[in-house]
Amino acid sequence: MSVHNQTLLNNTGILQLEGASVVIVSTEWNDFVTNELVAGAERTLTEQKVNFSTYIVPGSFELPFACKQIWEQTRGTGAQPSAIIAFGCVIRGETPHFDYVCKAVTDGILELNLELPIPVIFGVLTVNTVEQATDRLGGAHGHKGEEGALTALKMIGFQRQLAKSAR
């Protein structure tokens, strides 16, 4: 775990993770980045003894659909995830495609957070260069995969704390 994220873990305030489960949805596109994001999240979830499963979709544009379908397919089964983490990497190119994909995936994940009863964590890197992406895989900017998992765990704890205080 990166030094940056070790500090986060020591001050997490993560509570009540018994029975928690996380679904990770990641993209094939730019998998040299997304595979490392997933690996970081899986390391963190394993360290915290939280069950997880991982799914792969073609690109970032497909992330909101996949997250919604996973929730819909598990609804009522008793196997619903406590949180979903969406990992992707969009690297700016020479056309406006970058802007359209980034906006669509950001808006889609925002909508899921407002619609679903569980948190959907935005783990999509939107960067100008490959170097910026790799800097976020344990470099000066921390490890965004680990941070995504920590965010999911904090939000699970937050949601459970709210439910407990409502009783």
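The structure we're discussing is the one just above.
Residues numbered from 1 in each chain as written. Predicted model: local features only at pLDDT ≥ 70, side-chain atom pairs only at ≥ 80, totals over all residues. Heavy atoms only, no water.

Chemist: For the sheet that holds strand S4 (residues 120–127), give the residues involved together with the corresponding values.
Modeler: The four strands are arranged S2-S1-S3-S4 in an open sheet whose pairing can be described as parallel. Taken across any chain shown, the strands that pair with only one partner, and hence form the sheet edges, are strand S2 (51–57) and S4. Within the sheet, the average angular offset between the axes of one strand and its neighbour, ignoring direction, is 15 degrees. Note that strand S3 (residues 83–91) and S4 share eight bridges and pair parallel. Paired with Cys89 across the two strands is Leu125, which belongs to S4. Relative to the sheet, helix H3 (residues 63–74) contacts strand S1 (21–27), S2, S3 and S4, its axis offset from that of S1 by approximately 150 degrees. The strands that helix H6 (residues 144–165) touches are S1, S3 and S4; relative to S3, the one it contacts most, it runs at about 150 degrees. (Pairing = 2+ DSSP bridges. Helix = DSSP H or I, 4+ residues; strand = E, 2+ residues; numbered from the N terminus. Axes fitted to C-alpha atoms, helices over the stretch in contact; angles between N-to-C directions. Contact = heavy atoms within 4.5 Å.)

Chemist: Describe the environment of Leu37, listing the residues and the values that go with them.
Modeler: The topology assignment puts Leu37 in helix H2 (residues 31–47). Residue Leu37 is classed as buried on the basis of its relative accessible area of 0%. Distance from Leu37 to Lys154, taken between C-alpha atoms, is 18 Å for residues 117 residues apart in sequence. (Buried < 20%, exposed > 50% of the residue type's maximum accessible area, 1.4 Å probe, protein only.)

Chemist: Break down the packing of H2 against H6 for me, citing the residues and quoting the values.
Modeler: Contact geometry of H2 with H6 gives a least axis separation of 6 Å together with a crossing angle of 45 degrees. Considering their axes alone, H2 and H6 lie oblique with respect to each other. Here H2 runs over H6; the crossing is right-handed. Contacts from Leu37, Gly40, Ala41, Arg43, Thr44 and Leu45 in H2 reach Lys144, Gly145, Glu146, Ala149, Leu150 and Leu153 in H6. By residue class, the composition of the contact of H2 with H6 is six nonpolar, three polar and three charged. (Parallel < 35°, antiparallel > 145°, perpendicular 65-115°, else oblique. Left-handed = near helix turned anticlockwise from the far one by under 90°. Nonpolar A, V, L, I, M, F, W, Y, C, P; charged D, E, K, R; others polar.)

Chemist: I'd like a rundown of the pattern of salt bridges, residues and numbers included.
Modeler: Scanning the entire structure with this criterion turns up seven salt bridges. Among the salt bridges present, the one from Glu36 reaches Arg43, with a minimum N-O distance of 3.4 Å. On the basis of relative accessibility, which here comes to 28%, the residue Glu36 falls in the partly exposed class. The exposure class assigned to Arg43 is partly exposed, which follows from its relative accessible area of 34%. Sharing partners across several salt bridges, the network here consists of Glu36, Arg43 and Glu146. (Salt bridge = Lys/Arg side-chain N within 4 Å of Asp/Glu carboxyl O.)

Chemist: Just give me the short version of the nonpolar core, but keep the residues and values in it.
Modeler: Grouped together as the largest cluster of nonpolar side chains are 23 residues, with contacts concentrated most on Ile24 and Ile85. Breaking this core down by element, the ones donating at least two residues are S1, H2, S3, S4 and H6. Among the elements that take part in this core, H2 stands out by supplying five residues, more than any other. Setting aside residues up to four positions removed in sequence, Ile24 forms contacts with Val38, Ala41, Glu42, Leu45, Phe52, Ser53, Thr54, Tyr55, Ile85 and Phe87. Ranked by size, the runner-up nonpolar core spans 21 residues in total, among them Leu63, Cys67, Cys102 and Ile118. (Core = buried A, V, L, I, M, F, W, Y, C linked by side-chain atoms within 4.5 Å.)

Chemist: Give a description of H2 that names residues and reports values.
Modeler: The terminal C-alpha atoms of H2 lie 24 Å apart, and with 17 residues this matches the ideal 24 Å at 1.5 Å per residue to within 8%. Inspection of H2 places Val33, Thr34, Leu37, Val38, Gly40, Ala41, Thr44 and Leu45 among the buried residues, and these make up the whole buried set. For H2, the arc enclosing every buried residue in end-on projection is 160 degrees, short of the 170-degree limit, so these residues lie on one face. (Expected span 1.5 Å × (residues − 1). Arc of directions from axis to C-beta.)

Nothing here speaks to function; it is all geometry.
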